[in-house]
Amino acid sequence: MRVEWHTVWGSARGPLTRLAPPVRLVCAACAFAACLLAPAASGGGVAVVALVVLLWWLLCRPPRRLARGAALLGLALFVPYLALAPLIRAEVPGGGWSDALAAPWAVALRGWSTMQVGIASAATLSPVDLRLALDRLPVPRVVAAVLLQIIHQTATLMAETRRIAAALVVRAAAGGTRSRLRVLSSLPRVWLPRVAARAERVAAAMELRGYPGGALPPSAAPALRAHDLLATALAMAGLAAVIALRLLGAA
């Protein structure tokens, strides 16, 4: 499953996309925190995580291809943690399988669920929406600028890598693993100089067009409406319920 990085952002069509960008980001943060804080060792906590992920996908409604790929990628990344259980059991004499599985299961469950929430949240926000949300929320300007640059430059670097790989395939009349190995070996000599040259050309073009050298002024975000406030209150109430469940389980 191949999904282009730039096509993920803003590809969702669910009801959450009708909310203001800052509200979408706040609700995403609440869902992310709920998956992290839910007690993974109890059946109730697992049910809460499953409910949050399912509800979040329904509210965001990203493309099916993206949802299926994210779920499979998460399983491939985090299910192998369960293989650590025999090693943990061997290190703890007299320990049962439930104790040995507790830590790997918590890592796998929280990692998989937060990955699903993060990808679905990215699908509800275009780069413009993300900038509007960061401008409206109390996020340090430096952090917002760095985050936006990471997102933008990741797409640029991936596109440059694909162009180099395509050129190598055409010139070598080969594909697959051999082409990927050629790209990997050419990174220091080809990839980085091309990216640096492209950045210099963009900077020169912006300077000729009179763009200011400092930070961009804050963007004008739309006013919050009644359903935005209701969604924020529901998200915070859900997070508070998960925190209460964790505290009751620890008591």
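What counts as what
- Residues numbered from 1 in each chain as written.
- Predicted model: local features only at pLDDT ≥ 70, side-chain atom pairs only at ≥ 80, totals over all residues.
- Heavy atoms only, no water.
- Core = buried A, V, L, I, M, F, W, Y, C linked by side-chain atoms within 4.5 Å.
- Buried < 20%, exposed > 50% of the residue type's maximum accessible area, 1.4 Å probe, protein only.
- Helix = DSSP H or I, 4+ residues; strand = E, 2+ residues; numbered from the N terminus.
- Contact = heavy atoms within 4.5 Å.
- Salt bridge = Lys/Arg side-chain N within 4 Å of Asp/Glu carboxyl O.
- Expected span 1.5 Å × (residues − 1).
- Phe/Tyr/Trp six-rings, centres within 6.5 Å; stacked < 30°, edge-to-face > 60°.
- Patch = residues over 30% accessible without salt bridge, like charges linked within 9 Å, V, L, I, M, F, W, Y side chains within 5 Å.
- Areas by Shrake-Rupley, 256 points an atom, 1.4 Å probe, with all protein chains shown as cover.

Q: Whenever I open this one, the nonpolar core confuses me. Can you help?
A: The nonpolar side chains of soluble globular proteins are, as a tendency, buried together. Judged by nonpolar contacts, the single largest core of 28 residues is most densely connected at Val23, Cys27, Val52 and Trp56. If you list the elements that add at least two residues to this core, you get α2 (21–37), α3 (43–60), α6 (97–124) and α10 (226–250). Dropping the residues within four chain positions of it, valine 52 is found in contact with Ala31, Ala34 and Cys35. One finds Val8, Trp9, Leu66 and Leu125 within the second-largest nonpolar core, a separate group that totals 11 residues.

Q: How do you make sense of the pattern of salt bridges when you look at a structure like this?
A: Side chains that carry opposite charge are capable of pairing whenever their charged atoms lie near each other. For the coordinates displayed, the defined rule picks out 3 salt bridges. Between arginine 24 and aspartate 129 there is a salt bridge, and its shortest N-O distance comes to 3.2 Å. Remark: aspartate 129 occurs in helix α7 (residues 127–136) and arginine 24 occurs in helix α2; sequence separation between them is 105 residues. A relative accessible area of 7% places arginine 24 in the buried class. Between arginine 225 and aspartate 228 there is a salt bridge, with its nearest N and O atoms 3.8 Å apart. Take aspartate 228: its relative accessible area is 0%, and that puts it in the buried class.

Q: Just to check I follow, could you spell out unusual backbone geometry for this structure?
A: Residues apart from glycine generally show negative phi values, whereas peptide bonds are mostly found in trans. At arginine 61, a position not held by glycine, the phi torsion is positive, near 50 degrees. Tracing the sequence through the fold places arginine 61 in the loop between α3 and α4 (64–78).

Q: How do you make sense of α3 when you look at a structure like this?
A: An α-helical segment advances 3.6 residues per turn. Residues three or four places apart therefore align on the same side. Taking 1.5 Å per residue, 18 residues should reach 26 Å; α3 reaches 26 Å between its end C-alpha atoms and fits that length. Backbone geometry just downstream of α3 places arginine 61 in the positive-phi region, at approximately 50 degrees.

Q: What's the story with the packing of aromatic side chains in this structure? I'm lost.
A: To describe a pair of aromatic rings, you give the distance between the ring centres and the angle between the ring planes. For the coordinates displayed, the defined rule picks out 1 aromatic pair. Taking 6.2 Å as the distance between ring centres and 20 degrees as the angle between the ring planes, the aromatic pair formed by phenylalanine 78 and tyrosine 81 counts as stacked.

Q: Quick question: what am I supposed to make of the environment of valine 117 here?
A: Position of valine 117 among the secondary structure elements: in helix α6. Each C-alpha atom of the pair valine 117 and leucine 54 lies 9.4 Å from the other, and the pair is 63 residues apart in sequence. Setting aside its immediate chain neighbours within four residues, valine 117 contacts Ala28, Ala31, Phe32, Cys35 and Trp56.

Q: Looking at this structure, how should I read a nonpolar patch on the surface?
A: On the surface, Leu72, Leu75, Val79, Leu82, Trp97, Leu101 and Trp105 cluster together to form a nonpolar patch covering roughly 620 Å² of accessible area. Of all the secondary-structure elements, those providing two or more residues to the nonpolar patch are α4 and α6. Broken down by element, the nonpolar patch gets its largest block of residues, 3 residues, from α6. Its location among the elements puts tryptophan 97 in helix α6. Here tryptophan 97 falls in the partly exposed class, since its relative accessible area comes to 44%.

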